[in-house]
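An overview of the molecular structure
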Amino acid sequence: MAEKYVGQRVKRTEDPRLIQGLGHYVDDIKLADMLHVAFLRSMYAHARITSIDTSEALHAPGVVAVYTGQDVSSKIGQVPCGAALPDLKVPDHRVLATDKVYFVGHPIAAVVATDRYAARDAIDLIIVDYEELPAVIDVEGAASNSTVIHEHFGDNIAYKLTAGEGDIEAALASADHVVKQRLVHQRLAPIAMEPRGVLARYLPGEKELTLWSSTQIPHLMRTQVAIMLGIPENKLRVIAPEVGGGFGSKLNVYAEEALLGWIAMQLARPVKWIETRRENIQATIHGRGQVGYIEIGCKNDGTITGLRYNVFADMGAYHQLLTPAIPTLTGLMLSGCYKIPAIQMNTTAVFTNKMATDAYRGAGRPEATHVIERAMDMVAAKLKMDPVEVRRRNFPTPEEFPFKTATGLFYDSGNYVGALDKALEMADYSKLRKDQAAARKDGKIIGVGVSTYVEICAIGPSAATPAGGWESATVRVEPTGKVTVLTGASPHGQGQETSFAQIAADALGVDLNDIAVVHGDTAIVQYGIGTFGSRATAVGGTALVLALEELTKKATRFAAHLLEAEPESLQFEDGKFSTDGKSVSIQEVALAAHLARNIPADMDPGLSATRFFEPKNFTFPFGTHIVVSEIDRDTGDVKLTKYVAVDDCGKVINPMLVEGQIHGGIVQSIGQALYEELVYDDQGQLVTGTLMDYAVPKAAMIPWLELDRTETPSPVNPLGVKGVGEAGTIGATPAIVNSIVDALSPFGITHLDMPLRPELLWKIVNNAG
Amino acid sequence: MKIEGTQEISADRERVYSALIDPAVLQRCIPGCEKLEATGENTYSARLRAGVGSIKGIFNGAVKLEDMQPPSRYRMIVDGKGQPGFLKGSGEIALDEKNGATLITFSGDVQVGGTIAGVGQRMIQGAAKMMATQFFTAIEAEAKARPDEPPPTHGFFRTALRWFSGFIRRSVAR
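Residues numbered from 1 in each chain as written. Chains lettered and ligands numbered in written order. Predicted model: local features only at pLDDT ≥ 70, side-chain atom pairs only at ≥ 80, totals over all residues. Heavy atoms only, no water.

A look at empty space enclosed by the protein
Tallied over the full model, the rule gives five cavities of 30 Å³ or more. Taken as a whole, the largest cavity encloses approximately 1200 Å³ of empty space. Forming the boundary of the largest cavity are 47 residues, of which Leu48, Met76, Val78, Leu87 and Met131 of chain B lie nearest the centre. Contributions of two or more residues to the lining of the largest cavity are made by strand S2 (33-40), strand S3 (43-52), strand S4 (55-69), strand S5 (73-82), strand S6 (85-98), strand S7 (101-113) and helix H3 (115-144) of chain B. Of the voids in this model, the second largest cavity is the one considered here, and its volume is about 110 Å³. Lining the second largest cavity are 15 residues, with His93, Phe103, Pro107, Ala255 and Gln320 of chain A sitting closest to its centre. Along the lines of polarity and charge, the residues of the lining of the second largest cavity split into nine nonpolar, three polar and three charged. (1 Å grid on protein atoms, 1.4 Å probe; cavity = no way out; pocket = protein on both sides within 12 Å on 5 of 7 lines; lining within 4 Å. Points joined across faces, edges and corners; volume = space filled by probe spheres on them. Helix = DSSP H or I, 4+ residues; strand = E, 2+ residues; numbered from the N terminus. Nonpolar A, V, L, I, M, F, W, Y, C, P; charged D, E, K, R; others polar.)

Next comes the structure, spelled out in structure tokens:
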């Protein structure tokens, strides 16, 4: 295929409608007779509900119905957990609280009213009597806490798991040094620009329920909500319209989604709920939430002998769709991009009286990368070696791929030295170190931080995923010659409407504008898995490539028939099939195939193909990030004065989309490294409940990002792509923290836990404890 | 969270003390208090309209006075709940004579929950301080009023005016 579009900086076809405000998000969809839902949520972290009185709310102006846990618990099934682990404890998870509330924000009652203000006002009229219980908040103490959240389990341990290979005891014993460090991955809120939202419509005659939901996984949601509501899956349609960001927070099936569907069925009127930002921070899944202890062994020459990571993972009060699986991804990626003969991770996953954690951009891998990249710097500090040199000594060479880790993975391809050297050159690393030494003499507090990361993408082989790891694609050439691409992936900001059109336009030799990429509607698109785990292009894009190949084969046969030639003799170029001076365009072929007056006897009319792709392995993108930071002595404020990132995500369809993903990922990493933290107080009150208190970085806090790439194709899929959605949040965080720890090393600092707020740094610099 | 402070009231200590434990006086003086009724010995049920910033609402709760040592000290326990959240706390109130005036020292521990904790926590101490100033300015007016006079009124502007004139007076006295 001639590559006219693939590899080019094609502008996103999604953007004109989005930047003009012409896109349609859930809240933009308005149906006749639509009612609005608001939720009463728990103000206690842990309490018994002794009574609920909804009588006053029911008589409030505009209120149509009020539902409590008693009304719905026997009617709607459990909120699903898709993760399976040995001896995993899965708590009862009802859509509304019944006898107890388990976290601040736990939904207790739903009010349905003629407008959203009436619904909200009526919430205040519901009287709930609580008997407050002690809250389990501290992650490390939860396992031994005498307060048990789910009493019938006997303790607060959700599961314990030991993973890894190699003799860790011997590996640490053989080391010249063992460096130990406690390390915290604070809880974060994903903060998608568009909060969650659901619109449900039921047609009693047709017995059809339609859910418009801001989701990353319309098909998986259709299956799960049909099960929860006990309705036939073929009578439920899920539509993900424009979705304003997810970052994993919408890779889930939430109580509200099933509940809205049920209410629409009860009232036979459309019902809508749009999450407020306060609800979003309280009751949409959180990310990270691990407290771990690292032990890393090294030889005097910098060779790593082994790594042990004992971790307490905060599940929150319940499991959402993938909650327990997230720490297992940490365990898989602990080896980083290094040859480590023995690795062991001991996980104690605990219940606490907080919102559930789950996948947030990176999902377990940022934790792993932070562990190993902090550990490599601590080893370098211990050995008084340059952190770059320690990394270099432990890299596998490009010839060693596929590279097997002691966590049981086979890294597909990589050239870690290549990305590192390119980044060092771009940053002029040796000059940076000289400048740093000179600046220190002038009393400046400057640090240089490096992170060489690898991550796991393109999720994944079905055997390693809870609900199928494949993806699907259908390509149709319509009678008029326009091309429709249906993808089972559900892009929500990543730009696959553009990149998939690039792939199809090149394969079929048609204009980019003649292609429509359709996704996110279960009634239109064949079953698919969704967009998460940096999989949409590597898995969904590959399914598209396979479908395009099959469609081209079919078209070749139709064309040969029209040209009265053998299919093998045809050339296909620029959208034209030709042989012996005769030619026919793919558009003409499509029309002929639809009219079916002159087609081979053994072929069906029409021109379309559907294919599925299941990768045999994950892909492993990698790269190097280098950061220079300067700390203001008077204010403790950090300025990132240089940011260089070299990322290798395999082959690239659209460099501009790749850069956009890296930009966004780094920005969210800067948020974690410097500003963001969800704080629950001792009683389990969420004290960072608004964007006044939860500090998402602003544009002025972001440095100029100097980006480049190396390109090591993945052998796992024919496109050679690896995935790039999460690389930024995985590679950047440790680079930033390493630079600040490096800046503060003259103050005796060897490690700091995020977020590195000015207050913390000022105290160190000014020796105020 | 800790709430503490001191307030000087230019009135006789016995008068101040009895004002501080008189439900009728308290109802008039506590900003936003709509109801304060005795439900037993030294226990009261209260209805309070209060809030921090945009988080406003009505709180219903119980107030209990303990360890009463007239006219020098007592202990107050508060437990209230409303649409914006809940608050619970207890504190010590001490009254000392100082040059014919009364120095009130209060210190307490308050726990808040719900929206008020998630949204307003950082502003609560400031709001509490403002309410305390309003309250004690009102108490001062009560304690200075002659028994045969009708009780003073304590609207926001009247209280602010009293606080301001007291401030000028104290500044001049220095």
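More follows now that the structure is in view.
Topic: the sheet that holds strand S5 (residues 107-113) of chain A
Strands pair in a sheet through their backbones, by hydrogen bonds, and they do so in one of two ways: parallel or antiparallel. All names here are of chain A. With mixed pairing, the seven strands of this open sheet are ordered in space as S3-S5-S1-S12-S9-S10-S11. Across the chains shown, the open sheet's two edge strands, defined by having one partner strand only, are strand S3 (63-68) and strand S11 (236-239). On average, each strand axis in the sheet is tilted by 20° relative to the strand beside it, whichever way the strands run. Two strands pair when backbone bridges link them, and strand S10 (residues 208-213) and S11 are joined in this way by four bridges, in the parallel orientation. Bridge pairing in S11 places Trp212 opposite Ile239. (Pairing = 2+ DSSP bridges. Axes fitted to C-alpha atoms, helices over the stretch in contact; angles between N-to-C directions.)

Considerations on the nonpolar core
Residue and element names in this part refer to chain A. Core analysis: the largest hydrophobic core is formed by 102 residues, its most contacted members being Leu259 and Ile296. Setting aside residues no more than four positions away along its own chain, Ile296 makes contact with Leu172, His177, Val178, Val179, Ile304, Gly306, Leu307, Ile372, Ala375, Met376 and Val379. Counting residues in hydrophobic clusters, the runner-up holds 50 residues, among them Tyr5, Ile503, Leu551 and Ile653. (Core = buried A, V, L, I, M, F, W, Y, C linked by side-chain atoms within 4.5 Å. Buried < 20%, exposed > 50% of the residue type's maximum accessible area, 1.4 Å probe, protein only. Contact = heavy atoms within 4.5 Å.)

Points about the interface of chain B and chain A
If you look at the interface, chain B gives 17 residues, while chain A gives 18 residues. At the boundary of chain B and chain A, one finds two salt bridges. The residue Asp129 of chain A makes a salt bridge to Lys81 of chain B at a minimum N-O spacing of 3.6 Å. Applying the counting rule to chain B against chain A returns four residue pairs in polar contact (both at pLDDT 80 or more). Of all the secondary structure elements, the ones that give two or more residues to the side of chain B that touches chain A are S5, S6, S7 and H3 of chain B. Broken down by element, the side of chain B that touches chain A gets its largest block of residues, six residues, from H3 of chain B. A breakdown of the residues in the side of chain B that touches chain A according to their chemical character gives five nonpolar, nine polar and three charged. (Salt bridge = Lys/Arg side-chain N within 4 Å of Asp/Glu carboxyl O. Polar contact = N/O pair within 3.5 Å; in protein donor to acceptor, adjacent residues only side chain to side chain.)

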